[in-house]
Amino acid sequence: MTVEFTGARSGQGPLTWGQRAIWRLTEWLPPGDPYFNMPWALPVHGKPDLPAVLAALARLLERHESLRTNWIPGPEQADMVQRVTGQGRLTVELVDAAGSRPRALAGELAAELAAKGFDYADELPVRCAVVMDGGRPRAVAFAFTHLAVDGRALDVIAGEWPRLLSGEPLPQDVPQPLDLAAEERSPEGAARGERALRYWRAALERMPRPLFAAPPGTPEEPRFVKLGMESAALGAAATGLAARWGVSTSSVLLGAYAVLLSRLTGRGTVALQLIVGNRHDPRLAPMVATLVQDGIFVLEVTPDQPLAEVVRAANRGVLAAYRHARYDPAAQRALIEETGPPPTAYFNDVRVAGGWPNLPPRPPATPGRIFPVGAWPEVDAEVFFTAGPATHTCRLDLLADTSLLPREAIEATLREVETLLVSEENT
């Protein structure tokens, strides 16, 4: 099947800061690598027929210019530009559920669609399949390139999807990447970027180097290992502590991570890069695009400091980092060349709700489950801590360079986060 779309405009212009940040990361990868592809699946509730689903897909592409954008060399071949096409066709595969659960099958199809790299210059940045069951569409599988969307953009799409299916009108004044790129190049945008990089300079001058005081040991093969943990007890503890201390659960997790990272690295100053969604500006909240950039966070942690103090300081620091995470990536790279590299430790909270709305009323007191997630020969991080999107349990992932943190230390650190917060909640 094909979906024909006609957008309100076409055009070409410079990349946004968020697009530039992702583009630079793609240049680390071999051609056709799917690392920055994003699978996504959505249900089709009610009784919309196939034409209604295809019409909703057309409206989605017409509404959000990033979903009909290509990225090509600029006129002087010295930089990339974004090119928005005004009209075109999206190929949509129809797949019969054949006894499978449609939503689960859509998830599998989305992973398959995302397993191949996009041709950024000539291919639409979205692929799609519709799962049919009993002659009706029941779910839709997508694959997007991260140049077109980030995690929050996927949530925007999910929020609009029921209204797109029903044909209900949606607000017309949706911000678009071409307009954002022009705003970023304006005097006001340049001033914002300069303020952010002044903040970065001060943080870079405070951070310790190298990250770990002790020299590296012998790594495993593959060198970089990621383990995950699911713990409802940890989610309940973080929720209770956040309410007690008047902060977010993200700040509770970040504060605990900072305490443990200080112990692991042997440093009293903890420096991290934060993955910032850059949607605290309400104008950008409904935007389907990639706005993610790195923020920088530096925190002093002293031995025997009460966890409440660390968490409250982390909360203040993270808010400042979020306010200073929109900048020209080229100017940031120039700053880094002058001052030295940024921290190679990361924190990323990918939750949408900011909590765990589906936690059981009385989570079991048993320790969480720890499990392997993956291993890679090379990763651009020494330590990477992630709070996952699960809503029924606290999902944490920790990736580390095993020459600095062996696999058993990764596991122990995840367990210590749980022990630290559960014990604090019970005091």
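The structure under discussion appears in the preceding block.
On a predicted model such as this, the values are computed, not experimentally measured, just so you know. (Residues numbered from 1 in each chain as written. Predicted model: local features only at pLDDT ≥ 70, side-chain atom pairs only at ≥ 80, totals over all residues. Heavy atoms only, no water.)

A. Molecular detail of the sheet that holds strand 12 (residues 345-349). One open sheet holds the 7 strands; their spatial order is 11-10-12-14-15-9-13, and the pairing between them is mixed. On the outer flanks of this sheet lie strand 11 (293-300) and strand 13 (369-376), each paired with one strand and no other. Across the sheet, the mean angle from the axis of one strand to that of its neighbour is 20°, orientation sign disregarded. Alignment of strand 9 (residues 224-231) against strand 15 (residues 394-401), held across 8 bridges, turns out to be antiparallel. Considered in strand 15, the bridge of Glu230 is made with Arg395. The sheet strands contacting helix 6 (residues 187-206) are strand 10 (269-276) and strand 11, and the helix crosses strand 11 at an angle near 45°. (Pairing = 2+ DSSP bridges. Helix = DSSP H or I, 4+ residues; strand = E, 2+ residues; numbered from the N terminus. Axes fitted to C-alpha atoms, helices over the stretch in contact; angles between N-to-C directions. Contact = heavy atoms within 4.5 Å.)

B. A look at the pairing of strand 6 (residues 87-96). Sheet analysis places strand 1 (residues 2-6) next to strand 6, joined by 5 bridges and oriented antiparallel. By the bridge assignment for strand 6, Thr6 is matched with Gln87. Here strand 6 runs beside strand 7 (residues 126-133); their pairing, made up of 5 bridges, is parallel. Of the residues in strand 7, the one forming a bridge with Leu94 is Val130.

C. How the structure looks around the packing of helix 6 against helix 10 (residues 329-339). Following both chains from N to C, one finds helix 6 and helix 10 inclined at 25°, their axes separated by 11 Å at the closest point. Classed by the angle they form, the pair helix 6 and helix 10 counts as roughly parallel. For the pair helix 6 and helix 10, the crossing hand works out as right-handed. Facing Leu197, Trp200, Arg201 and Leu204 of helix 6, the residues of helix 10 in contact are Ala331, Gln332, Leu335, Ile336, Glu338 and Thr339. For the contact of helix 6 with helix 10, the class distribution of residues is 6 nonpolar, 2 polar and 2 charged. (Parallel < 35°, antiparallel > 145°, perpendicular 65-115°, else oblique. Left-handed = near helix turned anticlockwise from the far one by under 90°. Nonpolar A, V, L, I, M, F, W, Y, C, P; charged D, E, K, R; others polar.)

D. Highlighting the packing of aromatic side chains. If you walk through the whole model with that rule in mind, you get 9 aromatic pairs. Here Phe347 and Phe385 contribute two aromatic rings whose centre-to-centre distance is 5.8 Å and whose plane-to-plane angle is 15°, an arrangement assigned as stacked. Separated by 38 residues along the polypeptide, Phe347 in strand 12 and Phe385 in strand 14 (residues 383-387) bring together distant segments of the chain. For Phe347, a relative accessible area of 2% translates into the label buried. An aromatic cluster of three or more residues is present, and its members are Phe142, Phe144 and Trp161. For Arg127, the ring lying beneath its charged end belongs to Phe118, and the centroid distance is 3.8 Å. Above the ring of Trp356, the side-chain terminus of Arg351 is found at 4.5 Å from the ring centroid. (Phe/Tyr/Trp six-rings, centres within 6.5 Å; stacked < 30°, edge-to-face > 60°. Buried < 20%, exposed > 50% of the residue type's maximum accessible area, 1.4 Å probe, protein only. Lys NZ or Arg CZ within 6 Å of the ring centre and 35° of its normal.)

E. Focus on the sheet that holds strand 3 (residues 37-43). The strand order across the open sheet built from 5 strands is 1-6-7-8-3, with neighbouring strands paired in mixed fashion. The strands lining the two open edges of the sheet, one partner per strand, are strand 1 and strand 3. With strand direction ignored, the average angle separating the axes of adjacent strands in the sheet is 25°. Along the sheet, helix 2 (residues 50-63) makes contact with strand 1, strand 6, strand 7 and strand 8 (136-145), crossing strand 1 at roughly 40°. Across the sheet, helix 3 (residues 102-113) touches strand 3, strand 6, strand 7 and strand 8, and the angle it forms with strand 8 is around 25°.

F. View of the environment of Pro342. Among the secondary structure elements, Pro342 is positioned in the loop between helix 10 and strand 12. Separated by 20 residues in sequence, Pro342 and Arg362 place their C-alpha atoms 42 Å apart. What Pro342 contacts, discounting residues up to four positions off in sequence, is Trp200, Leu204, Met207, Gln273 and Ile336.

G. Fine view of helix 10. Those residues of helix 10 lying buried are Pro329, Gln332, Leu335 and Ile336. Taken end-on, helix 10 shows its buried residues confined to a sector of 110°, consistent with a single buried face. Summarising the geometry of helix 10, the exposed residues directed more than 90 degrees from the buried face are Glu337 and Glu338. On its buried side, helix 10 packs onto helix 1 (17-26), helix 6 and strand 11. The backbone nitrogen of Ala330 has a side-chain oxygen 2.9 Å away, supplied by the residue at the start of helix 10, namely Asp328. A positive backbone phi angle near 110° is found at Gly340, which sits one or two residues after helix 10. (Arc of directions from axis to C-beta. Polar contact = N/O pair within 3.5 Å; in protein donor to acceptor, adjacent residues only side chain to side chain.)

H. Fine view of the side chain of Arg267. When you line up the elements, Arg267 lands in the loop between helix 8 (249-265) and strand 10. Of the side chains bearing the opposite charge, Glu382 lies closest to the buried Arg267, which forms no salt bridge; the N-O distance is 9.4 Å. In contact with Arg267, other than residues within four places in its own chain, are Pro208, Arg209, Pro210, Leu211, Phe212, Ala213 and Ser262. (Lys, Arg positive; Asp, Glu negative; His and termini not counted. Salt bridge = Lys/Arg side-chain N within 4 Å of Asp/Glu carboxyl O.)

Just geometry here; none of it tells us what the structure is for.
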